[in-house]
Amino acid sequence: MKLLLEDYEGIRRWMYRNARPLDLARWRFHFEGGGSAPVLEALSAYQNEDGGFGHALEADAWNPHSTPIQTATAVERLLELEFADNGHPLVEGILKYLDSGADMDGRTWRNVVASNNDYPHAPWWHTSSDSTSRSMYNPTAILAGFILKAAPKDSGLYATGLGIARELTELFLRDPAIEMHPLKCVDTLLHCITWAGLQEHFPYVELHKSFKEQSARLISRDEGNWNGYGCRPSAFIHSPHSPGYAELGGLLHQELDYLLETRNAAGVWELTWSWEGYEREFAVSENWWKAHIVIENLRLLREFGRMAELPGID
């Protein structure tokens with residue numbers, strides 16, 4: 001089963017009607033031969049003077065102020081582009097924000113900041129939340145990884161990032177039984193360690209093994225759990241080279257069938273979550289998230305050969 005050309009064209013029209021400029025630029029980058037410059041320009045609209053990011057870049061938190069979570073979202077967008085210009089103003093701004101020590105508790109960046117409460121947001125971004133996403137890995141592992149990739153190696157920030165990354169990886173090896181969202185942050189940190197060529201500075205073989213084992217434990221084998229917060233194979237398996245694909249590739253392809261079968265009447269995918277309160281704002285964020293999910297799902301389908309050959313993208 002594959003996504004057919006007429007399905008793709010319907011999804012493309014939906015994106016042009018509904019996606020915010022950032023996600024439309026991402027769509028063009030991945031599927032229409034677009035460059036990275038429009039993505040960077042759209043992303044810059046979410047960056048504040050202090051170098052951090054806000055303004056609902058993370059679409060479940062409408063806080064306009066810089067926060068670690070929204071800055072980590074910007075990092076994820078840059079990693080998605082495989083962006084390597086560490087002298088770009090976007091990158092320099094992020095490093096400035098991280099070097100300032102703002103929104104840190106000791107050696108970790110805060111998962112939630114008090115100003116979130118003043119703006120529309122999902123319940124898990126409220127200061128009173130006890131969500132499993134509230135972990136020292138989220139977003140500290142992402143931000144520390146970005147420092148290793150982007151900061152000058154002779155800087156104090158780089159030394160700080162290296163120290164934090166070592167502390168997090170040592171903690172993970174002592175207790176790898178963490179939940180899906182924190183483990184995805186560890187995955188990003190390992191990716192950044194590899195990108196920066198720093199494997200010899202970490203017990204990388206052991207880290208890789210622990211990550212693979214814990215991700216295999218978390219992935220739900222029951223398709224009935226995939227329509228909520230259950231961990232799908234694609235949370236950790238992104239390509240045939242991903243850890244765990246050799247053992248769980250069949251389950252991943254079952255998920256690809258599931259994706260192809262569960263598109264809504266508009267041809268895209270419904271969210272598996274909602275907010276309590278802020279109904280008007282959530283209706284806006286819902287479309288932002290749907291556009292993001294479209295991009296992620298089509299990238300996954302294409303990676304595993306589950307899209308028909310499309311003009312201009314293969």
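Check the entry above for the structure.
What you see is a predicted model, and the numbers here were worked out from it, not measured in a lab.

### Details of the side chain of K149
By secondary structure assignment, the location of K149 is in helix 6 (residues 140–150). One buried charged side chain, K149, makes no salt bridge at all; its nearest oppositely charged neighbour is D85, positioned 9.1 Å away. Polar side-chain contacts of K149 include one of 2.8 Å to the backbone oxygen of F83.

### A few points about empty space enclosed by the protein
All chains considered together, the criterion is met by 2 cavities of 30 Å³ or more. For the largest cavity, the calculated volume is near 40 Å³. For the largest cavity, the full set of lining residues is A61, T67, I69, Q70, N111, N116 and W125. Its volume calculated, the second largest cavity comes out at about 30 Å³. In this structure, the second largest cavity is lined by K212, S215, A216, I219, F236, I237, P243, G244 and L248. Per-element accounting of the lining of the second largest cavity gives the leading share, 3 residues, to helix 9 (residues 204–218). Split by residue class, the lining of the second largest cavity holds 6 nonpolar, 2 polar and 1 charged.

### Description of the packing of helix 2 (residues 21–31) against helix 11 (residues 279–303)
The geometry of helix 2 relative to helix 11 is characterised by a closest axis approach of 10 Å and an angle of 10 degrees between their N-to-C directions. In this view, helix 2 runs roughly parallel relative to helix 11, as classed from their interaxial angle. For the pair helix 2 and helix 11, the contacting residues are D23, R26, W27, H30 and F31 in the first and W288, A291, H292, V294, I295, E296, L298, R299 and R302 in the second.

### Quick look at the state of the cysteines
Within the structure shown, the criterion is met by 0 disulfides. You can see C185 has no disulfide; the closest cysteine sulfur is in C192, sitting 11 Å from it. Judged by relative accessible area, which is 4%, C185 ranks as buried. The structure places no disulfide on C231, whose sulfur is separated from the nearest cysteine sulfur, that of C185, by 13 Å. You can call C231 buried: its relative accessible area is 7%.

### What to know about helix 7 (residues 156–174)
Along its 19 residues, helix 7 runs 27 Å from first to last C-alpha, staying within 8% of the 27 Å computed at 1.5 Å per residue. Residues of helix 7 that are buried include every one of L157, Y158, G161, L162, G163, I164, A165, L168, T169 and F172, and no others. Where helix 7 is buried, its residues meet helix 5 (89–99), strand 1 (104–105), strand 2 (108–109), helix 6, helix 8 (180–195) and helix 9.

### Structural notes on unusual backbone geometry
Looking along the chain, the bond that leaves N138 and enters P139 is cis, with omega of 10 degrees. Inspection of the secondary structure assignment puts P139 in the loop between strand 2 and helix 6. Non-glycine residue H55 carries a positive phi angle of around 65 degrees. Mapped onto the elements of the fold, H55 is located in the loop between helix 3 (37–44) and helix 4 (68–80).

Quick notes on the rules
Residues numbered from 1 in each chain as written. Predicted model: local features only at pLDDT ≥ 70, side-chain atom pairs only at ≥ 80, totals over all residues. Heavy atoms only, no water. Helix = DSSP H or I, 4+ residues; strand = E, 2+ residues; numbered from the N terminus. Buried < 20%, exposed > 50% of the residue type's maximum accessible area, 1.4 Å probe, protein only. Lys, Arg positive; Asp, Glu negative; His and termini not counted. Salt bridge = Lys/Arg side-chain N within 4 Å of Asp/Glu carboxyl O. Polar contact = N/O pair within 3.5 Å; in protein donor to acceptor, adjacent residues only side chain to side chain. 1 Å grid on protein atoms, 1.4 Å probe; cavity = no way out; pocket = protein on both sides within 12 Å on 5 of 7 lines; lining within 4 Å. Points joined across faces, edges and corners; volume = space filled by probe spheres on them. Nonpolar A, V, L, I, M, F, W, Y, C, P; charged D, E, K, R; others polar. Axes fitted to C-alpha atoms, helices over the stretch in contact; angles between N-to-C directions. Parallel < 35°, antiparallel > 145°, perpendicular 65-115°, else oblique. Contact = heavy atoms within 4.5 Å. Disulfide = S-S within 2.5 Å. Expected span 1.5 Å × (residues − 1).

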